[in-house]
Amino acid sequence: GDLVRAASEYESCLLVVVAGSTTSSPPPNPPQGCLINLASVLVDMGGGEEGEGDAAAAEKEEEYSSRAESLYRRALSYDPNDGDASYNLALLLQDRRGDEYATREAAALYSVAASSDPDRWDAWANMAAALTELRERPLEAARAYERSIVLLQGDGGEEESEEERDPSEIDPYLSALYYGYGLQLADLTPGACLILARAPRSLLIGK
């Protein structure tokens, strides 16, 4: 779609709220949808265009990413439990490879998103990936991998069953999730494995 036009529309949405406020009272909070959608559009706009040099593309991406992060954080300041703002901000932070602080915050934000919508498999999957990168809470990461696998396969929540999905779409995701799950199992102590195996809907065999 027309990203520039979309950004302009969402910015207008925010300006309407400011224009409608009075000097005798603080301005009302802007609609969450305007903040989150504008941020998401800015992320897409920062993706670069064909013909742009590496330096120009990197500068553009950093500019739009910074603006998007501010908008997501603003949305979360109004509603700390907003699942969409939490998830999208976590994606931005997780892209900062090698930044432990950003990865740690991303893991916490994915947890908020998963709590907001427990059937959101991608929130569980990305939380598991962030925890795996931190290498601090393997049991929690393994549980997140399990939850995402169960949801993606259609064995829990409202996701489509595996038979209803196009195998070419589901297999790459499941392969990556099972691989990550296996890595976490390798890091677990025998006691932690026992805890995991005894949990409801555990994927481990031979409980």
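- If you look the chain up in an unreviewed UniProt entry, it shows as Peroxin-5 from Odontella aurita.

Quick word on the packing of helix α4 (residues 83–94) against helix α6 (residues 121–134)
Now for step 1: At a minimum axis separation of 11 Å, α4 and α6 run at an interaxial angle of 30°. Classified by the interaxial angle, the pair formed by α4 and α6 is roughly parallel. The chirality of how α4 crosses α6 is left-handed. Facing Y87, L91 and Q94 of α4, the residues of α6 in contact are D122, A123, N126, A129 and A130.
Now for step 2: Looking at the contact of α4 with α6, its residues break down into five nonpolar, two polar and one charged.

A few points about the layout of surface pockets
Now for step 1: The volume enclosed by the largest pocket comes to roughly 320 Å³.
Now for step 2: If you go around the largest pocket, you meet 16 residues; those closest to its centre are V43, E61, S65, L92 and D95.
Now for step 3: Listed by contribution, the elements that provide at least two residues to the lining of the largest pocket are α2 (32–45), α3 (54–78) and α4.
Now for step 4: Element by element, the count of residues in the lining of the largest pocket is highest for α3, at seven residues.

Digging into the packing of α3 against α4
Now for step 1: One way to put it is that α3 packs onto α4 with a least axis distance of 9 Å and a crossing angle of 150°. In terms of crossing hand, the pair formed by α3 and α4 is left-handed. Only A85, S86, N88, L89, L92 and L93 of α4 make contact with α3, whose side of the interface consists of S65, A68, E69, Y72, R73, A75 and L76.
Now for step 2: Among the residues making up the contact of α3 with α4, the classes are represented as eight nonpolar, three polar and two charged.

Digging into the pattern of salt bridges
Now for step 1: Going through the model one piece at a time under the given rule, you end up with eleven salt bridges.
Now for step 2: Note that E69 is salt-bridged to R73, the shortest N-O span being 3.0 Å. In this pair, E69 and R73 both sit in helix α3, four residues apart, roughly one turn of the helix.
Now for step 3: Where salt bridges share partners, they join E69, R73, R96 and E105 into one cluster.

Digging into the nonpolar core
Now for step 1: Residues L42, Y72 and L177 are the most contacted members of the largest nonpolar core, which totals 52 residues.
Now for step 2: A per-element tally of this core places α6 first, with nine residues.

Here's the deal with α6
Now for step 1: The terminal C-alpha atoms of α6 lie 20 Å apart, and with 14 residues this matches the ideal 20 Å at 1.5 Å per residue to within 8%.
Now for step 2: Counting buried positions along α6 yields eleven of 14 residues, so the element is predominantly enclosed.
Now for step 3: Of all the residues in α6, the buried ones are W121, A123, W124, A125, N126, M127, A128, A130, L131, T132 and L134.
Now for step 4: At the C-terminal side of α6, R135 shows a positive phi close to 55°.

Some thoughts on the environment of W124
Now for step 1: Residue placement: W124 occurs in helix α6.
Now for step 2: Expressed as a C-alpha distance, the spacing of W124 and R143, which sit 19 residues apart in the sequence, is 8.9 Å.
Now for step 3: Every residue in contact with W124, bar those within four places of it in the chain, is listed here: A114, P118, A144, R147, S148 and L151.
Now for step 4: Of note is the side chain of W124, whose polar atom sits 2.9 Å from the backbone oxygen of P118.

Things to note about the state of the cysteines
Now for step 1: Enumeration over the complete set of coordinates arrives at one disulfide.
Now for step 2: Between the sulfur of C13 and that of C34 lies a disulfide, 1.7 Å long from S to S. Across the disulfide from C13 to C34, rotation about the S-S bond amounts to roughly 70°, and the bridge is consequently right-handed. Of the two residues, C13 sits in helix α1 (residues 3–19) while C34 sits in helix α2, which places them 21 residues apart along the sequence.
Now for step 3: Judged by relative accessible area, which is 9%, C34 ranks as buried.

What counts as what
Residues numbered from 1 in each chain as written. Predicted model: local features only at pLDDT ≥ 70, side-chain atom pairs only at ≥ 80, totals over all residues. Heavy atoms only, no water. Axes fitted to C-alpha atoms, helices over the stretch in contact; angles between N-to-C directions. Helix = DSSP H or I, 4+ residues; strand = E, 2+ residues; numbered from the N terminus. Parallel < 35°, antiparallel > 145°, perpendicular 65-115°, else oblique. Left-handed = near helix turned anticlockwise from the far one by under 90°. Contact = heavy atoms within 4.5 Å. Nonpolar A, V, L, I, M, F, W, Y, C, P; charged D, E, K, R; others polar. 1 Å grid on protein atoms, 1.4 Å probe; cavity = no way out; pocket = protein on both sides within 12 Å on 5 of 7 lines; lining within 4 Å. Points joined across faces, edges and corners; volume = space filled by probe spheres on them. Salt bridge = Lys/Arg side-chain N within 4 Å of Asp/Glu carboxyl O. Core = buried A, V, L, I, M, F, W, Y, C linked by side-chain atoms within 4.5 Å. Buried < 20%, exposed > 50% of the residue type's maximum accessible area, 1.4 Å probe, protein only. Expected span 1.5 Å × (residues − 1). Polar contact = N/O pair within 3.5 Å; in protein donor to acceptor, adjacent residues only side chain to side chain. Disulfide = S-S within 2.5 Å.

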